[in-house]
Amino acid sequence: MNSTFLTNLGLGGLDIGLIIVILVAVVFILLIFSLITFIKLCKLKKRYLRFSQGKDAGSLEKEISMMFMQNNEIKEQTERNKRDIRDIYKTQETTFQKMGLVKYDAYSQMGGKLSFTLCMLNEKDNGFIMNSIHGSDGCYTYIKEIVGGQCNVDLGKEEEEALMQAINSKR
């Protein structure tokens, strides 16, 4: 079958049946693409309806902007918490965190271990040793400074023991 239209286009030698088969194949492929697009559109519509369920555009926009404001408030609160935690850690470095206590009898005639040595240290092993000696004629209290776990004055046996307890104690 000869077609004057195909002849004018310079395709007069082509079989019209072949052209029809090619066109049907193209239409079929386009139909498949249309079907896939329609299915995706339906899924998207379901997701949109679920997202905006019971909301109109104005209330949905208001809700989203409120969520952004809440998010900003959470960020600000988190920053405040971080600053507060840094301040707490900085303050904690200078607080007494370690302790050693040794009770003893200062004099052999006294009983009940009424004398004691108390050592209080911070994180850097700075602090003091307080020695309270209880005797029959009164109670005397002495304090010695501790810097870096060391004392520049000689320590007694009980004071050394209290210092070691404090240095080795866990916070």
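Residues numbered from 1 in each chain as written. Predicted model: local features only at pLDDT ≥ 70, side-chain atom pairs only at ≥ 80, totals over all residues. Heavy atoms only, no water.

Student: An account of the nonpolar core is needed here, citing residue identities and associated values.
Tutor: Counting residues in each nonpolar core, the largest one holds nine residues, listed as V102, C119, L121, I129, I146, C151, A162, L163 and A166. Elements supplying a minimum of two residues to this core: β2 (115-121) and α4 (157-168). It is α4 that provides the largest number of residues to this core, a total of three residues. Sequence-distant contacts of C119, that is, excluding residues within four places in its chain, are made with K98, M99, G100, F128, I129, A162, L163 and A166. (Core = buried A, V, L, I, M, F, W, Y, C linked by side-chain atoms within 4.5 Å. Buried < 20%, exposed > 50% of the residue type's maximum accessible area, 1.4 Å probe, protein only. Helix = DSSP H or I, 4+ residues; strand = E, 2+ residues; numbered from the N terminus. Contact = heavy atoms within 4.5 Å.)

Student: Can you tell me about the pairing of strand β3 (residues 127-135), naming the residues and giving the values?
Tutor: In this sheet, β3 lies alongside β2 in antiparallel orientation, the contact comprising six bridges. Residue pairing across strands places T117 opposite N131, the latter belonging to β3. Linkage of β2 to β3, two consecutive antiparallel strands, is achieved through a turn of five residues, within which D125 is found at a positive phi near 60 degrees. Of the strand pairs in this sheet, β3 and strand β4 (residues 138-146) are connected by nine bridges, and their pairing is antiparallel. What sits directly across from S132, in β4, is T141. Where β3 folds back on β4, the antiparallel hairpin that results is connected by two residues. (Pairing = 2+ DSSP bridges.)

Student: Hey, could you go over a nonpolar patch on the surface for me, with residue numbers and the actual values?
Tutor: Side chains of L18, I22, V26, F28, I29, L30, L31, I32, F33 and I36 sit close together on the surface and give an oily, nonpolar patch of about 960 Å² of accessible area. Position of F28 relative to the elements: it lies in helix α2 (residues 16-51). (Patch = residues over 30% accessible without salt bridge, like charges linked within 9 Å, V, L, I, M, F, W, Y side chains within 5 Å. Areas by Shrake-Rupley, 256 points an atom, 1.4 Å probe, with all protein chains shown as cover. Salt bridge = Lys/Arg side-chain N within 4 Å of Asp/Glu carboxyl O.)

Student: Go over the pattern of salt bridges with me, naming the residues and quoting the values.
Tutor: Tallying each qualifying case throughout the model produces three salt bridges. For K82, the salt bridge identified is with E79, shortest N-O distance 3.8 Å. Here K82 pairs with E79, and both are found in helix α3 (residues 57-92), just three residues apart, close to one helical turn. Residue classification places K82 among the partly exposed positions, given a relative accessible area of 41%. We note a salt bridge from E159 to K144, for which the minimum N-O separation is 3.0 Å. Highlighted residues: E159 in helix α4 and K144 in strand β4, separated in sequence by 15 residues. K144 shares its class with E159; the two are buried.

Student: How would you summarise unusual backbone geometry if you had to cite specific residues and measurements?
Tutor: Phi at D125 is positive, roughly 60 degrees, even though this residue is not glycine. Tracing the backbone shows D125 in the loop between β2 and β3. By relative accessible area, D125 is classed as buried at 16%.

Student: So, the pairing of β2: which residues are in play, and what are the values?
Tutor: Within a regular beta strand, the side chains point alternately toward one face of the sheet and then the other, so they alternate between its two faces. Within β2, six of the seven residues are buried, which leaves it mostly tucked inside the rest of the structure. As defined by bridge partners, strand β1 (residues 98-104) adjoins β2 across seven bridges and the pair is classed as antiparallel. For K103, the partnering residue across the bridge sits in β2 and is F116.

Student: Requested: an account of α2, with residues and values cited.
Tutor: With 36 residues, α2 should reach 52 Å at 1.5 Å per residue; the first-to-last C-alpha distance of 52 Å fits that figure. Where burial is concerned, little of α2 is hidden: zero out of the 36 residues are buried. (Expected span 1.5 Å × (residues − 1).)

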